[in-house]
Amino acid sequence: MKHKLFILHGPNLNLLGQREPELYGQQSLEQLNTSLLQRSAELELDTTIKQSNAEHQMIDWIQQTDADFLLLNAGAYTHTSIALRDVILAKEIPFIEIHISNIYAREPFRHQSFFSDIAQGVICGLGTQGYHLGMQAAVAYLLKH
């Protein structure tokens, strides 16, 4: 049986490749998702990828998922969304928090995360490679549990 992985991109990640390329790189979200699905097939994961700018949509998707593991880049909601934190706790879904930029090298308000203390781990500042590293870590976690 394949493990199920849910990758959830938050607000403004649909602008990858356009928005502040010095921070977020040149790769578009479509290109990133294509590479993630290719890697997912190699790792024999059943992967669903979604992006939303709407907090309520992200909450609904987490409530509805039957995934075994979540890779979450909540974007700016990292620093503001107690509601996303609550749904992750309610679903008891293990997850890794991912950020393309190093949030700790940016504005002080970005240093606060509502997810880090409940995540299996945090990957930040490694560009889109962080998602691929998160996939590897998810597989290692799932094989142990």
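Definitions and cut-offs
Residues numbered from 1 in each chain as written. Predicted model: local features only at pLDDT ≥ 70, side-chain atom pairs only at ≥ 80, totals over all residues. Heavy atoms only, no water. Salt bridge = Lys/Arg side-chain N within 4 Å of Asp/Glu carboxyl O. Helix = DSSP H or I, 4+ residues; strand = E, 2+ residues; numbered from the N terminus. Buried < 20%, exposed > 50% of the residue type's maximum accessible area, 1.4 Å probe, protein only. 1 Å grid on protein atoms, 1.4 Å probe; cavity = no way out; pocket = protein on both sides within 12 Å on 5 of 7 lines; lining within 4 Å. Points joined across faces, edges and corners; volume = space filled by probe spheres on them. Nonpolar A, V, L, I, M, F, W, Y, C, P; charged D, E, K, R; others polar. Pairing = 2+ DSSP bridges. Axes fitted to C-alpha atoms, helices over the stretch in contact; angles between N-to-C directions. Arc of directions from axis to C-beta. Contact = heavy atoms within 4.5 Å. Right-handed = clockwise from strand over helix to strand, strands pointing away.

> Can you explain the pattern of salt bridges? Please cite residues and give values.
Opposite charge on two side chains allows them to pair when their charged atoms are near. Tallying each qualifying case throughout the model produces three salt bridges. For Arg39, the salt bridge goes to Glu42, with nearest N and O atoms at 2.9 Å. On the criterion of helical spacing, the pair formed by Arg39 and Glu42 is a turn pair, its members being three residues apart in helix 2 (residues 29-42). Given the relative accessible area of 56%, Glu42 is considered exposed. Arg85 is the partner of Asp117 in a salt bridge, and the nearest nitrogen-oxygen pair spans 2.7 Å. Of this pair, Asp117 sits in the loop between strand 4 (95-99) and strand 5 (121-124) while Arg85 sits in helix 4 (residues 82-91); the two residues are 32 residues apart in sequence, bridging distant segments of the chain.

> Let's hear about unusual backbone geometry: which residues, and what values?
The phi dihedral of Glu44 is positive, around 60°, even though this residue is not glycine. Structurally, the position occupied by Glu44 is in the loop between helix 2 and strand 2 (45-51). Its identity as a non-glycine residue notwithstanding, Glu92 has a phi of 55°, on the positive side. For Glu92, the location among the structural elements is in the loop between helix 4 and strand 4.

> Please give an account of the layout of surface pockets that cites residues and values.
Taken as a whole, the largest pocket holds about 190 Å³ of empty space. What lines the largest pocket is a set of 15 residues, and nearest its centre among them are Arg19, Tyr24, Gly75, Ala76 and Arg110. By residue class, the composition of the lining of the largest pocket is six nonpolar, six polar and three charged. Lining the second largest pocket, in full, are Lys4, Leu5, Phe6, Asp46, Thr48, Lys50, Trp61, Gln64, Thr65, Asp66 and Ala67. Elements that contribute at least two residues to the lining of the second largest pocket include exactly strand 1 (3-9), strand 2 and helix 3 (55-64). Looking at the lining of the second largest pocket residue by residue, the classes come out as four nonpolar, three polar and four charged.

> I'd like a rundown of the sheet that holds strand 4, residues and numbers included.
Taken in spatial order, the five strands line up as 2-1-3-4-5 in an open sheet, and their pairing is parallel. This sheet does not close on itself; its edge strands, each paired only once, are strand 2 and strand 5. Sheet twist, expressed as the mean angle between neighbouring strand axes with direction ignored, is 15°. Pairing between strand 4 and strand 5: four bridges, direction parallel.

> Before we move on, can you summarise helix 4 with the specific residues and values?
Since the α-helix packs 3.6 residues into each turn, any two residues three or four apart lie on the same face. The set of residues buried in helix 4 consists of Leu84, Arg85, Val87 and Ile88. The buried residues of helix 4 occupy an angular sector of 165° when projected down its axis, which confines them to one face. Close packing links the buried residues of helix 4 with helix 3, strand 3 (69-73) and strand 4. Of the residues trailing helix 4, Glu92 is marked for its positive phi of about 55°.

> Let's hear about the pairing of strand 4: which residues, and what values?
Among the five residues of strand 4, five are classified as buried, and the element is accordingly described as predominantly covered. Here strand 4 shows two buried faces, one formed by Phe95, Glu97 and His99 and the other by Ile96 and Ile98. A crossover connection joins strand 3 to the parallel strand 4 through helix 4; in handedness this β-α-β unit is right-handed.

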